[in-house]
Structures are given as C-alpha cells and as structure tokens.
Amino acid sequence: MALDYLALGISGVIALGCGYGSLSSLLSARVIEDTPTSKIRSAHQGYVELIGFAKAGLGNMLLSGLSQTPCLWYKYNIERYESSGKNSSWRSVERKTSDQPFMINDGSGDCVVYPDRADVSTQRKKTWKGGERHPSGTTSSHSLFGSRYRYTEEILCADDLLYVIGQFETRNPPSNSELQQRAMTEILNEWKQDYDKLVARFDRNGDGEIDLQEWDLVRAEALRKAQRDINKQAPQNPIHTISYSPSRRQPYMIASSEPESLSKRLRWQAFFLLLASIAGTTAFVWQILQAQNTY
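Residues numbered from 1 in each chain as written. Predicted model: local features only at pLDDT ≥ 70, side-chain atom pairs only at ≥ 80, totals over all residues. Heavy atoms only, no water.

Caption draft 1: Representation of helix α3 (residues 195-202) within the structure. What α3 keeps buried is the set Leu198, Val199 and Phe202. All buried residues of α3 project into a common sector of 100° when viewed along the axis, lining one side. Those residues of α3 that are exposed and angled more than 90 degrees off the buried face are Asp196, Lys197 and Ala200. Buried positions along α3 lie against α2 (176-192) and α4 (212-232). (Buried < 20%, exposed > 50% of the residue type's maximum accessible area, 1.4 Å probe, protein only. Helix = DSSP H or I, 4+ residues; strand = E, 2+ residues; numbered from the N terminus. Arc of directions from axis to C-beta. Contact = heavy atoms within 4.5 Å.)

Caption draft 2: Representation of the packing of aromatic side chains within the structure. Inspection of every chain in the model, using the stated rule, returns seven aromatic pairs. Judged by centre distance (6.3 Å) and plane angle (10°), the rings of tyrosine 74 and tyrosine 76 are stacked. Like tyrosine 74, the residue tyrosine 76 is buried in the burial classification. Both rings, one in phenylalanine 271 and one in phenylalanine 272, keep their centres 5.5 Å apart while their planes meet at 65°; by these two values the pair is edge-to-face. The residue whose ring lies beneath arginine 201 is tryptophan 191, and the NZ or CZ to ring-centre distance is 4.9 Å. (Phe/Tyr/Trp six-rings, centres within 6.5 Å; stacked < 30°, edge-to-face > 60°. Lys NZ or Arg CZ within 6 Å of the ring centre and 35° of its normal.)

Caption draft 3: Expanded view of unusual backbone geometry. Positive phi is not limited to glycine here, since glutamine 68 has a value of about 60°. The phi dihedral of aspartate 159 is positive, around 75°, even though this residue is not glycine. Checked against the element boundaries, aspartate 159 lands in the loop between β10 (149-156) and β11 (161-171).

The structure is reproduced here in structure tokens:
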C-alpha cells in the first residue's frame, strides 16, 4: 500500500486548521469573559467592551445587498450549484460586506463603530434559493430551471442590541482658543480679498495703506468677530470611536447578542473544532502507520 499523499495532506490540513480555529475560538471566549463592560462616557483609552443599542451614524441608512432591507450593516454571499460527473457542490460566486460606520449608544453617550475587519455575528440571518444570480425577493423560488443559486444575507438594524469589543479611542475637539485662531485667520483672509474696503475701514492716518499699528487694529477686530462667532456655536463634544485592535490577542467582535450567549457559542465552537482536529490527527497518524506496515 503506497502512501496516499493527497489524503495525508487533507488530514493534516484538517488537523492544523481545526486546531487553530479551536484555540482562536477559545481565546475569544476567554477575552469576552475576562473583559469588564465599560460605559462610553467614562471608558478608558484602549481595549474595551461596550453594550448598547445600534443607531445610524452621520451617513445615510444602507439598503442590504440582496433583500434591499434598510440596515446599518450587511453581508451577503451568493453561491451557485455546480455538478461535474458524480461530484456536486455550492461554489461562491459573489460576496460583499459593507464598511460604513454606525453608532452604538449605551445611555451614557454615542460611540462610532467601524465594522472593517470585525468578526460580526448577527441574529438577523436568512438563507434562500432561486434561479437567478441576483434574487428578486427573499423567498425560495421554484422556477422551471430549478434553484441554481443560494443566497445568504446577514444584517444589523437600528435599535438592535449591540455588543462590541475592540480598540476604544476618544478624540477631543479643539479648544476655544484654537477655534478662535482658526476663525480669525479665515476672517482676515476674507477681508484681504477686498483691500480697498479694508483700507477705508482701518486707515487711520489717511495715507491709503495699512501700516503696522493699523494691522494690529485689524487683527484685534478680527479676533473679536471670531470670538462672537464661536460663542454662538453649540459646544463640540468628544468623539468616541471603536475599531480593529492591532493586537492578535485582542479580537475585534460585533454581535447582536449578550456577551454570555456569545461566549457560550464560541466555547461550543471551540469544542467541535477540537473534535475535528483530533479526528484529522488520528487519520493522519493512521495513514502513516498503515503505509509503514506495508513495507
């Protein structure tokens, strides 16, 4: 019996891949269980856990890619049924994940959530079949040509319960003095566009020019105008954001469920992946032993 390198390679890949997946799922579960929940208003800078409700950000509401449902985030996968001889399988032909930011609110404040590179888990998931590459509805069709395509769509909607764990950062707005200096610079640039009007307003000695002393008057008046304009504006609040953490030990997860149920699901996932890894390892060792016994 010759050593079947293809079967050996498949067993090795299953053992290693499932083993890695099991450890990754277990690590994520432990991180969820060990990280305390923070309030947005008082959260420290760094890796934090937030629980609140989803809401729209500064951008418009999205329409999901397949069902055109109003949502904050979506992910879809279109698969086509292919058969060749005795072999048949579903092959992915199109997939997409939205990356537009949205908000989480926990009663203490808002935080911008950047979904890019996040492991998103949502309870709003639907799978159906149809005869066309792009579906016309959300129910499985029974067309003359059969259900050659399978559609899977996941979405997050406004007011959904939201659990987020990732890298938290607060960006404070500019101080009043910084805002006043910026506004004064803009006012001076605007006044300089009409130099004749500027001279008529501030030329105290009548020489048709703005000398250094008169420029001090111009700057003082521009600063007073800038201060009045800034005082009329509503105060700017700090902007809180949460996004992907650069550390591999800090998974970035978004889920529409409580952390307890998410952790439990990850632990079961780790258990089943561990069983698959053990099975793959057993098959790998058995094939080597069988090949050795033939020599």
